[in-house]
Amino acid sequence: MNRHEKIQQIAVTAAQMQEIEGRIFAGGMPVAALMEKVAGLIYKRVQSLFPNSSVPIKVGFLIGPGHNGGDGLVVARELHFRGYQVNIYRPFSKLKDLTAQHDLYAQSLGICYVENVADLQDCDLIIDGLFGFGLEREIKDNLAEAINELNEWSKPVISIDLPSGLHTDTGEVLGTAIKATHTLCLGLWKLGLLHDRALEYVGKAELIDFDIPWTDITAILGETPQIQRVTTEFIKQHLPLPRPPVTHKYKQGHLLLICGSRKYAGGAILTGLGARGSGVGMLSIAVPESLKPLLVSHLPEALIIGCEETGNGAISSLPDGVNLGSYDAIACGPGITTEATTIVEEVLANNKPVILDADGLNILAQMGTISTLEKRQATTVLTPHAGEFKRLFPDLENLQQNRVEAVKKAAELTGAIVLLKGARTAIANTSRIWIIPESTPALARGGSGDVLTGLIGGLLAQGIAANTNSLVERVVIAAWWHAQAGILAAKERTELGVDAFTLTQFLNPVLANHFSSLL
Ligand SMILES: NC(=O)C1=CN([C@@H]2O[C@H](COP(=O)(O)OP(=O)(O)OC[C@H]3O[C@@H](n4cnc5c(N)ncnc54)[C@H](O)[C@@H]3O)[C@@H](O)[C@H]2O)[C@@H](O)CC1
Ligand SMILES: Nc1ncnc2c1ncn2[C@@H]1O[C@H](COP(=O)(O)OP(=O)(O)O)[C@@H](O)[C@H]1O
Ligand SMILES: [K+]
């Protein structure tokens, strides 16, 4: 893996970034030289995003008191030299030394300083250099008002490092925050940018790599950082491709899905189609007896097991002769309703890897999440959305806003692999956390989670059959694949065109697009 690919997999907190920078400075890099280098990369990127023309672009700068403001001032100076019409709003009198020096020089060049943020309203572009990872308290009073005013303008805004006002680690809005259209994150991805609640502020985000020595990164984060930003490169390393040339269907995993009810018949089909997309060798699907013909017609390759049903058409028990121990993995939950308690108990008592989703999770919550999972030896995967997470882990309610902490704690408490769904799905086991950095709101539709459950199940079953020693990567692959299928589908059909069935049709094309070299 080259440097670019490796660096994209890292996400850091403010404290980690400070420690890493501390090492660079201790190594002898002058602070001013680093700022010059970084700002040089930023202004070139701004130039390529907003090239100047015969009519000069008018750029407004927001300059803060620290080195984020220093970066901003160097960018302002360089754009001034390149013919941009620069205006600076600097609502602070006390600046850090280096920032103060750049400020003096900008003034000596005759760059225009404005009194009020409103004076920037006729700018074509705003560059936000108020605060970076040094923001340490709420933004209040006049500055908060200025930011709120600017957010009303709907202009292009480029934030340096991160949108000012966002907490670097948690993405929390401290008082108020700049709503950027672009974020140029410096050196290493800041963790806060990967939280759902930050997304409204971040816009299009990209990393500006300023050559932080790899040894300084690993000295602070270790060889395998605890938090991983999931990239195509990671997926490529762990995908079950290419297949061994000599194999047979049972060697490619046998997945049992337990899903559906009279009320939620479609959920069973979508879960089945998700599993189909995974390439699993054998697929068995247990559904209420009355759903059997429907499932056969949609998934002719699957073995459909008709089950005895309750008066409301939920699965009440598996037929005699079905041996849970004979499958490589079992995925249980989509559409089963909360009546199907017996079956969930039976599945969890079994010693095979289990994925629980939807009502499977609600039943687990009723059984007692932690006490039930304590008894399990085999791998358990839980795939809650925020509402299900709350029911599973009521004691973690105060962490709900910090999804990364929440998923980490949930994995520690249960020993399970926990996948917390959302705009930025996060996955944790007891030692590490993975975040899916790209997705699309096109997926916010009923049934898309069912597709994910089937996909996870199929990949897990293949992993077990292949004696893969770590299964969490299979769950991560499924989450990435699901999101990428959504992105491709939205590109071709718009964000309104990605119903769950359509999503299943994009699972294979998206893989073929990304990994043509493995075909
Ligand atoms: N350390 C370095 O040499 C480098 C820093 N870089 C830039 O420097 C930034 C970090 O610089 P700093 O550590 O100076 O921090 P910031 O520039 O993020 O801001 C810190 C300053 O803001 C003040 N402050 C914090 N919260 C405030 C609030 N709510 N209201 C008013 N004032 C508040 C602090 O007292 C401090 O003076 C990075 O985000 C990046 O933009 C980059 O140039 C790369 C190299
Ligand atoms: N705003 C969003 N951006 C990206 N992905 C989303 C968004 N909202 C939902 N998703 C994804 O869509 C899926 C929804 O699953 P879930 O809530 O279980 O729905 P359902 O049970 O109806 O299938 C999850 O994989 C989730 O991560
Ligand atoms: K900023």
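Not measured: the values here are computed from a predicted model.

## Topic: the confidence of the model for the protein chain
Point 1. Model confidence for the protein chain is summarised by a mean pLDDT of 96, while 100% of its residues fall at 70 or above.
Point 2. Across the predicted assembly, pTM comes out at 0.96 and ipTM at 0.93.

## Quick notes on the nonpolar core
Point 1. Leu-255, Leu-283, Ile-285, Leu-295, Ile-427 and Trp-481 are the most contacted members of the largest nonpolar core, which has 63 residues in total.
Point 2. With 13 residues, helix α18 (residues 472–493) is the single largest residue contributor to this core.
Point 3. What Trp-481 contacts, discounting residues up to four positions off in sequence, is Gly-277, Ser-278, Leu-455, Leu-459, Leu-507, Val-510 and Leu-511.
Point 4. By size, the runner-up hydrophobic cluster in this structure holds 53 residues, among which are Val-46, Val-59, Leu-162 and Leu-166.

## Quick notes on helix α4 (residues 67–81)
Every α-helix carries 3.6 residues per turn, so stepping three or four residues along brings you back to the same face.
Point 1. Relative to the 21 Å expected for 15 residues at 1.5 Å per residue, α4 spans 21 Å between its end C-alpha atoms, a close match to the ideal helical length.
Point 2. In terms of burial, α4 is largely enclosed, as twelve of its 15 residues are buried.

## Section: the coordination of the potassium ion (ligand 3)
Point 1. Here the potassium ion (ligand 3) is held by Asn-68 (OD1), Asp-128 (O), Phe-131 (O), Ile-160 (O), Leu-162 (O) and Ser-164 (OG), and the distances to it run 2.7 to 3.2 Å.
Point 2. Each of the six donor atoms bound to the potassium ion (ligand 3) contributes to angles spanning 67 to 172°, and the resulting shape is irregular.
Point 3. On the primary sequence, the residues serving as donors to the potassium ion (ligand 3) are separated as N-x59-D-x2-F-x28-I-x1-L-x1-S. Both residues of the pair, Ile-160 and Ser-164, count as buried.

## With respect to the layout of surface pockets
Over the atoms rolls a probe the size of a water molecule, and in doing so it shows where empty space is left.
Point 1. Reported here for the largest pocket is a volume of approximately 800 Å³.
Point 2. Gly-66, His-67, Asn-68, Lys-96 and Gly-134 are the residues nearest the centre of the largest pocket, which is lined by 31 residues in total.
Point 3. Elements that contribute at least two residues to the lining of the largest pocket include exactly α2 (14–26), α3 (31–49) and α4.
Point 4. Residues that form the lining of the largest pocket fall into these classes: 16 nonpolar, six polar and nine charged.

## A closer look at the domain arrangement of the protein chain
Point 1. Here the protein chain is partitioned into domain 1 (3–223) and domain 2 (232–518).
Point 2. Using C-alpha coordinates to define each centre, domain 1 is positioned 40 Å away from domain 2.
Point 3. Residue-level contacts link nine residues of domain 1 with eleven residues of domain 2.
Point 4. Of all residues in domain 1, the largest losses of buried area upon contact with domain 2 belong to Leu-194, Asp-196 and Arg-197, amounting jointly to 48% of the total for that side.
Point 5. Across the contact surface, domain 1 and domain 2 share one salt bridge.
Point 6. Put simply, Arg-403 and Asp-196 hold a salt bridge, and the shortest N to O gap is 3.5 Å.

## Regarding the site of ligand 1
Point 1. Close contacts around ligand 1 come from 22 residues, with Glu-21, Asp-71, Lys-96, Gly-132 and Asp-161 the closest.
Point 2. At 3.1 Å, a backbone N or O of Phe-133 approaches an oxygen atom of ligand 1.
Point 3. Burial of ligand 1 by the protein amounts to 88% of the accessible area it has alone, namely 860 Å².
Point 4. The pocket occupied by ligand 1, as judged from atoms lying within 2 Å of grid points, is the largest pocket.
Point 5. Within the residue set of the shell around ligand 1, elements represented by two or more residues are α2, α3 and α4.
Point 6. Along the lines of polarity and charge, the residues of the shell around ligand 1 split into ten nonpolar, five polar and seven charged.

## Comments concerning unusual backbone geometry
Point 1. A cis amide bond, omega -10°, links Leu-241 with the succeeding residue Pro-242.
Point 2. Assignment of secondary structure puts Pro-242 in the loop between α9 (232–238) and β11 (254–258).
Point 3. Phi angles above zero are rare outside glycine, and Asp-141 is one such case at about 50°.
Point 4. Along the polypeptide, Asp-141 turns up in helix α6 (residues 141–151).
Point 5. Asp-141 gets classed as exposed once you look at its relative accessible area, which sits at 57%.
Point 6. The phi dihedral of Asp-161 is positive, around 75°, even though this residue is not glycine.

## Some words on the state of the cysteines
Point 1. With the rule as written, the count across this model stands at zero disulfides.
Point 2. Cys-112 carries a free sulfur, and the closest cysteine sulfur to it, the one in Cys-123, is 8.9 Å from it.
Point 3. Judged by its relative accessible area of 1%, Cys-123 is buried.

## Considering the UniProt feature "domain: YjeF N-terminal" (unreviewed entry) in the protein chain
Point 1. According to UniProt, the "domain: YjeF N-terminal" (unreviewed entry) feature falls on residues 17–218.
Point 2. Summarising residues 17–218: 38% helix, 17% strand, and an end-to-end C-alpha distance of 12 Å.

## Some words on the sheet that holds strand β17 (residues 380–382)
Point 1. One open sheet accounts for eleven strands, arranged β10-β20-β19-β18-β17-β16-β15-β11-β12-β13-β14; its pairing is mixed. With partners counted over all chains shown, the strands left at the sheet margins are β10 (227–229) and β14 (315–317), one partner each. Ignoring strand direction, the axes of neighbouring strands in this sheet form an average angle of 25°.
Point 2. Direction of pairing for strand β12 (residues 282–288) relative to strand β13 (residues 303–309): parallel, over a ladder of five bridges.

## Quick look at the sheet that holds strand β6 (residues 157–160)
Point 1. Strand order across the open sheet formed by seven strands is β4-β3-β2-β5-β6-β7-β9, with parallel pairing between neighbours. With partners counted over all chains shown, the strands left at the sheet margins are β4 (112–114) and β9 (204–208), one partner each. The mean angle between the axes of side-by-side strands here comes to 25°, regardless of whether they run parallel or antiparallel.
Point 2. Sheet topology note: the strand β3 (residues 85–89)/β4 ladder contains three bridges and is parallel. Bridging from a neighbouring strand, Tyr-89 pairs with Val-114 of β4.
Point 3. α3 contacts β5 (125–129), β6, β7 (182–186) and β9 of the sheet and is inclined by roughly 155° relative to β7.

Scoring rules and cut-offs
- Residues numbered from 1 in each chain as written.
- Chains lettered and ligands numbered in written order.
- Predicted model: local features only at pLDDT ≥ 70, side-chain atom pairs only at ≥ 80, totals over all residues.
- Heavy atoms only, no water.
- pLDDT = per-residue confidence, 0-100.
- Core = buried A, V, L, I, M, F, W, Y, C linked by side-chain atoms within 4.5 Å.
- Buried < 20%, exposed > 50% of the residue type's maximum accessible area, 1.4 Å probe, protein only.
- Helix = DSSP H or I, 4+ residues; strand = E, 2+ residues; numbered from the N terminus.
- Contact = heavy atoms within 4.5 Å.
- Expected span 1.5 Å × (residues − 1).
- Donors = N, O, S within 2.8 Å, 3.2 Å for Na, K, Ca; no water.
- Tetrahedral: all angles 85-135°; square planar, octahedral: opposite > 155°, others 65-115°.
- 1 Å grid on protein atoms, 1.4 Å probe; cavity = no way out; pocket = protein on both sides within 12 Å on 5 of 7 lines; lining within 4 Å.
- Points joined across faces, edges and corners; volume = space filled by probe spheres on them.
- Nonpolar A, V, L, I, M, F, W, Y, C, P; charged D, E, K, R; others polar.
- Domains from an automatic or database assignment.
- Buried area = accessible area lost by both parts, 1.4 Å probe.
- Salt bridge = Lys/Arg side-chain N within 4 Å of Asp/Glu carboxyl O.
- Near = heavy atom within 4 Å.
- Polar contact = N/O pair within 3.5 Å; in protein donor to acceptor, adjacent residues only side chain to side chain.
- Areas by Shrake-Rupley, 256 points an atom, 1.4 Å probe, with all protein chains shown as cover.
- Sits in = over half its atoms within 2 Å of the grid points.
- Disulfide = S-S within 2.5 Å.
- UniProt positions renumbered as here; feature names shortened; annotations may be inferred.
- Pairing = 2+ DSSP bridges.
- Axes fitted to C-alpha atoms, helices over the stretch in contact; angles between N-to-C directions.

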